[in-house]
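# Coordinates in review
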Amino acid sequence: MASTPAPRTLYQKIFDAHVVEQRDDGTALLYIDRHLVHEVTSPQAFDGLAAAGRKVRRPDLTLAVPDHNIPTTARADAQGNRLAVADPQSAAQLDALRRNAPLFGIELIDDLAAEQGIVHVVGPEQGFTLPGTTVVCGDSHTASHGALGALGFGIGTSEVEHVLATQTLLLKRSKSLEVRVDGELGPGVTPKDVALAIVAKLTAAGGAGYVAEYTGSVFRDMSIEGRLTVCNMSIEAGARAGLVAPDDKTFAYLQGKPRSPKGADWDRAVAYWRTLASDPRAVYDKVVTIDAATIAPLVTWGTSPDDVVAITGIVPDPAALDDPARRAAAEKSLAYMGLTAGQRMQDVTVDRIFIGSCTNSRIEDLRAAAAVARGRHVAAGVKQALVVPGSGLVKRQAEAEGLDRIFLDAGFEWREPGCSMCLAMNPDKVPAGERCASTSNRNFVGRQGPGSRTHLLSPAMAAAAAVTGRLTDVREFA
Amino acid sequence: MRAIDIIAGKAYPLGRPNIDTDVIIPAHHLKTITREGLGQFAFETLRAEPGNVFDDPAYAGAPILIAGDNYGCGSSREHAAWAMADMGLQAVIAPSFSDIHAGNAFKNGILTVVLPQDQVDRLLAVAKDQPITIDLENQTVTTPYQDRFRFEIDPFRKDCLLRGLDEIGITMAMDDAIATHEAKMHAETPWIEGAARAA
Ligand code: SF4
């Protein structure tokens, strides 16, 4: 009897196509097609290469962009000269990247280039990220790139050095997880809410050991930018990578991007990309389903990204938790967040607004926020409302559409691209005890600055919070 | 990387469980651009405690650390291993390690030795005034009092440490296999190379 090949998932197909050598202990040496490098996790890797007299194996498959440390205020004076970065350690990391990239033959999109931005925004936008490729970066949100059907995952500094030197990585196969969301999303429910609903359903550790694939009508209908938001937060559910099968939307998004294939290469690539989707009878190790109709506009209340509640809901009561460890954790969270059980989420007032980060800083995110901000004004109690485009190209596009005027007229600040207030490594920080409505992806203790309090939500909800000065159901603005 | 065979000398008898990577190297030292120089900040919070083992002249320059359960838990920061290497540690003995930290330690040439709690307790007592010897080849930890504890280690890691090979060097030796994959990529999926740089 002729044996037919076993049906495979998208993840298995990409993994199989990149195995350089399979080892007996279950690990494989995997070829890496795309390596994004930023200033924080690369200096020691370059240092290690130099010390060992090693070169970068494939500088042509490597792209460097500064994003984490870079200030989001003006970067050049009127004559176009670069302004100094005040924090000496940030400046040293940025200088190191500026020195190392040319030294090792790597292309650098530096601070003053129009294409500069957050690595995970730049990769897709440049067509550097392609379906069926393996993409790594010394940053855990590399999962974002799965939105284009690429296997993207974060790596540590030693692994950055390993990829630079060998263009490969030693890896164990992950288990496969299908996250299926079918049905119609309700009014005011955005990809960010879908992402938060998934993290809540899986819990922050539920995806550990898995690579997630997002399936179902909601993702089929979702834009590439929306898929980027969902895949971005795979790591918040513990999954190292998240994928959406490439389809006509993916190809339309990529066609004509600066680095996407051209001419005959393009046709050949698309034909190959069409073979990547999971086979109909492929078996996942775990399946989770969510009914789209059950997802409300969401917001986090605690210090873990799975501490999620509907905006119309209340702060949960730790006493209701049976597990003493979880109860203690919830109590600690509430104390840190300055919230009391039973309090209505919509009564929570905010000090700062952050619209940005690799989760929600693309043009569709800015349009959604601007639609709420248009003709309104940031509330008196709000100390700062930041809008930080994910890249210079997003910024330029937004300005062409007049979104910057809408934000500025409404009292928001309009900044240069970068990670900004997502992580307190640059001057944009939330002071201790202050509360921020943020479109980023992590609400950990101290994430936006020591003592900062973070509520994760969608761009539209962040804009609504800016206007009212409290967490607000965006559907009131419909 | 330096080859490891016998590590013999004093050992810091720390013994505490759940030493996380924040304790090994606090977050405010992470914005460095080299691996060197972090040793002076290692265990900063513990060093603030009077009578701590790290500042006790009896153990100055010890190549071994003896710790409690779950050593290296918490953040995956590799700076922890850099700081340990920079302060001169070549081995850590504990009842268990965080997986990620053990991997980081290995990548930086630090041997992690897992022994049962009772044997670790015995070593903690001995280390107060006597040296400890770790023999990687024979996978034993011995003391001047005839204690002899055998430990397990992944054969691949053992081989790398004994020969002073780092993971990158080993992968680079597989150049043929990597070049074969690249030739296949060039022939079958040429757009992967062709497209990476903007036209
Ligand atoms: S925006 Fe935030 S999560 Fe994204 S890469 Fe930057 S720091 Fe990381």
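Residues numbered from 1 in each chain as written. Chains lettered and ligands numbered in written order. Predicted model: local features only at pLDDT ≥ 70, side-chain atom pairs only at ≥ 80, totals over all residues. Heavy atoms only, no water.

Its location among the elements puts His-79 of chain B in helix 3 (residues 79-86). Each residue touching His-79 of chain B, except ones within four places of it in the same chain, is listed here: Gln-44 of chain A together with Ile-25, Leu-30, Thr-32 and Leu-38 of chain B. (Helix = DSSP H or I, 4+ residues; strand = E, 2+ residues; numbered from the N terminus. Contact = heavy atoms within 4.5 Å.)

This next bit is on the interface of chain A and chain B. Between chain A and chain B, the residue contacts involve 55 residues of the former and 40 residues of the latter. Buried surface at the junction of chain A and chain B, both sides included, amounts to about 3800 Å², of which 54% is carbon and sulfur. For the chain A face of the interface with chain B, the top three residues by lost area are Gln-44, Arg-54 and Arg-57 of chain A, together amounting to 16%. The interface formed by chain A and chain B includes 6 salt bridges. Between the two partners, chain A and chain B, sit 15 residue pairs in polar contact (both at pLDDT 80 or more). (Buried area = accessible area lost by both parts, 1.4 Å probe. Salt bridge = Lys/Arg side-chain N within 4 Å of Asp/Glu carboxyl O. Polar contact = N/O pair within 3.5 Å; in protein donor to acceptor, adjacent residues only side chain to side chain.)

A word on the layout of surface pockets. Approximately 500 Å³ is the volume found for the second largest pocket. When residues in the lining of the second largest pocket are grouped by element, the largest group, 7 residues, is from helix 11 (residues 324-337) of chain A. (1 Å grid on protein atoms, 1.4 Å probe; cavity = no way out; pocket = protein on both sides within 12 Å on 5 of 7 lines; lining within 4 Å. Points joined across faces, edges and corners; volume = space filled by probe spheres on them.)

The next subject is the confidence of the model for chain B. Per-residue confidence for chain B gives a mean pLDDT of 92; residues scoring 70 or more make up 99%. The ipTM value of the predicted complex is 0.94, and its pTM value is 0.90. (pLDDT = per-residue confidence, 0-100.)

Turning to the packing of aromatic side chains, a few remarks are in order. Applying the stated rule across the entire model yields 12 aromatic pairs over all chains. Where Phe-43 of chain B meets Phe-54 of chain B, the ring centres are 4.3 Å apart and the plane angle is 10°; that geometry is what we call stacked. You can see Phe-43 of chain B sitting in the loop between helix 1 (21-24) and helix 2 (44-47) and its partner Phe-54 of chain B sitting in the loop between helix 2 and strand 3 (64-66), a full 11 residues away along the chain. The residues Phe-43 of chain B and Phe-54 of chain B share a single accessibility class, namely buried. Aromatic ring contacts, followed pair by pair, group Phe-251, Trp-266, Tyr-272 and Trp-273 of chain A together with Trp-191 of chain B into a single cluster. Residue placement shows Arg-34 of chain A over the ring face of Phe-128 of chain A; its charged tip is 5.1 Å from the ring centre. Taking the ring centre of Tyr-253 of chain A as reference, the NZ or CZ of Lys-257 of chain A above it sits at 4.2 Å. (Phe/Tyr/Trp six-rings, centres within 6.5 Å; stacked < 30°, edge-to-face > 60°. Buried < 20%, exposed > 50% of the residue type's maximum accessible area, 1.4 Å probe, protein only. Lys NZ or Arg CZ within 6 Å of the ring centre and 35° of its normal.)

Residues and elements named next belong to chain A. In spatial order, the strands read 5-4-3-6-7; together these 5 strands make up an open sheet with parallel pairing. What marks the edges here is a single partner per strand, and that holds for strand 5 (107-108) and strand 7 (151-154). With 3 bridges connecting them, strand 3 (residues 34-37) and strand 6 (residues 134-137) associate as parallel partners. The partner of Leu-36 across the bridge, within strand 6, is Cys-137. Its contacts with the sheet place helix 5 (residues 157-166) against strand 3, strand 4 (62-64) and strand 6, and it is angled at close to 130° to strand 3. (Pairing = 2+ DSSP bridges. Axes fitted to C-alpha atoms, helices over the stretch in contact; angles between N-to-C directions.)

All names here are of chain A. Among the 10 residues that make up helix 15 (residues 459-468), 9 are buried, leaving the element largely enclosed by the rest of the structure. All buried positions along helix 15 are accounted for by Pro-459, Ala-460, Met-461, Ala-462, Ala-463, Ala-464, Ala-465, Ala-466 and Val-467. The inward-facing, buried residues of helix 15 abut strand 13 (298-300), strand 15 (352-355), helix 12 (363-373) and strand 18 (435-438). At the C-terminal side of helix 15, Gly-469 shows a positive phi close to 80°.

This brings us to unusual backbone geometry. Residues and elements named next belong to chain B. If you check the backbone angles, Asn-18 has positive phi at about 55° while not being a glycine. Looking at the secondary structure, you find Asn-18 in the loop between strand 2 (11-13) and helix 1. On the basis of relative accessible area, Asn-18 is assigned to the partly exposed category, the value being 44%. Positive phi is not limited to glycine here, since Phe-43 has a value of about 55°. Exposure remark for Phe-43: the relative accessible area of 0% places this residue in the buried category.

Residues and elements named next belong to chain A. The 3 strands lie next to each other as 1-2-8, forming an open sheet whose pairing is antiparallel. What marks the edges here is a single partner per strand, and that holds for strand 1 (19-22) and strand 8 (168-172). Strand-to-strand twist across the sheet, computed as the mean angle between neighbouring axes with direction ignored, equals 25°. Where helix 1 (residues 10-17) meets the sheet, it contacts strand 1, strand 2 (27-31) and strand 8, and its direction lies at approximately 85° from that of strand 1.

Once that is clear, we can look at the pattern of salt bridges. Scanning the model with the defined rule gives 38 salt bridges over all chains in all. As a salt-bridge pair, Glu-182 of chain B and Arg-57 of chain A come within 3.0 Å of each other at their nearest N and O atoms. Of the two residues, Glu-182 of chain B is situated in helix 8 (residues 175-188) and Arg-57 of chain A in the loop between helix 2 (43-52) and strand 4; the pairing between them involves two chains. Given the relative accessible area of 12%, Glu-182 of chain B is considered buried. Across the pair Arg-122 of chain B and Asp-147 of chain B runs a salt bridge whose closest N-O atoms are separated by 3.0 Å. Of the two residues, Arg-122 of chain B sits in helix 5 (residues 117-127) while Asp-147 of chain B sits in the loop between strand 7 (140-142) and strand 8 (148-150), which places them 25 residues apart along the sequence. We classify Asp-147 of chain B as buried; its relative accessible area is 14%. The network of salt bridges with common partners includes Arg-57, Arg-58 and Asp-60 of chain A together with Asp-175, Glu-182 and Glu-193 of chain B.

Along the polypeptide, Glu-193 of chain B turns up in helix 9 (residues 191-194). The class of Glu-193 of chain B is buried, set by a relative accessible area of 16%. Of the polar contacts made by the side chain of Glu-193 of chain B, one reaches the side chain of His-186 of chain B; its length is 2.6 Å. Residues contacting Glu-193 of chain B, with those up to four places away along its chain left out, are Arg-58 and Leu-61 of chain A together with Met-185 and His-186 of chain B.

Another point: the packing of helix 3 of chain B against helix 4 (residues 99-107) of chain B. All names here are of chain B. The contact between helix 3 and helix 4 brings their axes to 8 Å, and the two run at 45°. Judged by the angle between their axes, helix 3 and helix 4 are oblique. In the crossing of helix 3 with helix 4, the sense of the turn from one axis to the other is right-handed. Each of Ala-80, Ala-81 and Met-84 in helix 3 lies in contact with helix 4, whose residues at this interface are His-101, Asn-104 and Ala-105. Classifying every residue of the contact of helix 3 with helix 4 gives 4 nonpolar, 2 polar and no charged. (Parallel < 35°, antiparallel > 145°, perpendicular 65-115°, else oblique. Left-handed = near helix turned anticlockwise from the far one by under 90°. Nonpolar A, V, L, I, M, F, W, Y, C, P; charged D, E, K, R; others polar.)

Turning to the pairing of strand 1 of chain A, a few remarks are in order. Residues and elements named next belong to chain A. As paired elements, strand 1 and strand 2 share 3 bridges and run antiparallel to each other. Following the sheet pairing, Val-19 is matched in strand 2 by Leu-30. Joining the antiparallel neighbours strand 1 and strand 2 is a turn of 4 residues, in which Gly-26 adopts a positive phi near 95°.

So, about the packing of helix 12 of chain A against helix 13 (residues 392-400) of chain A. Residues and elements named next belong to chain A. The geometry of helix 12 relative to helix 13 is characterised by a closest axis approach of 10 Å and an angle of 40° between their N-to-C directions. Relative to helix 13, the element helix 12 lies oblique. As helix 12 packs across helix 13, the resulting crossing turns out to be right-handed. Between helix 12, through Ile-363, Leu-366 and Arg-367, and helix 13, the contact on the second element is made entirely by Val-394, Gln-397 and Ala-398. Looking at the contact of helix 12 with helix 13 residue by residue, the classes come out as 4 nonpolar, 1 polar and 1 charged.

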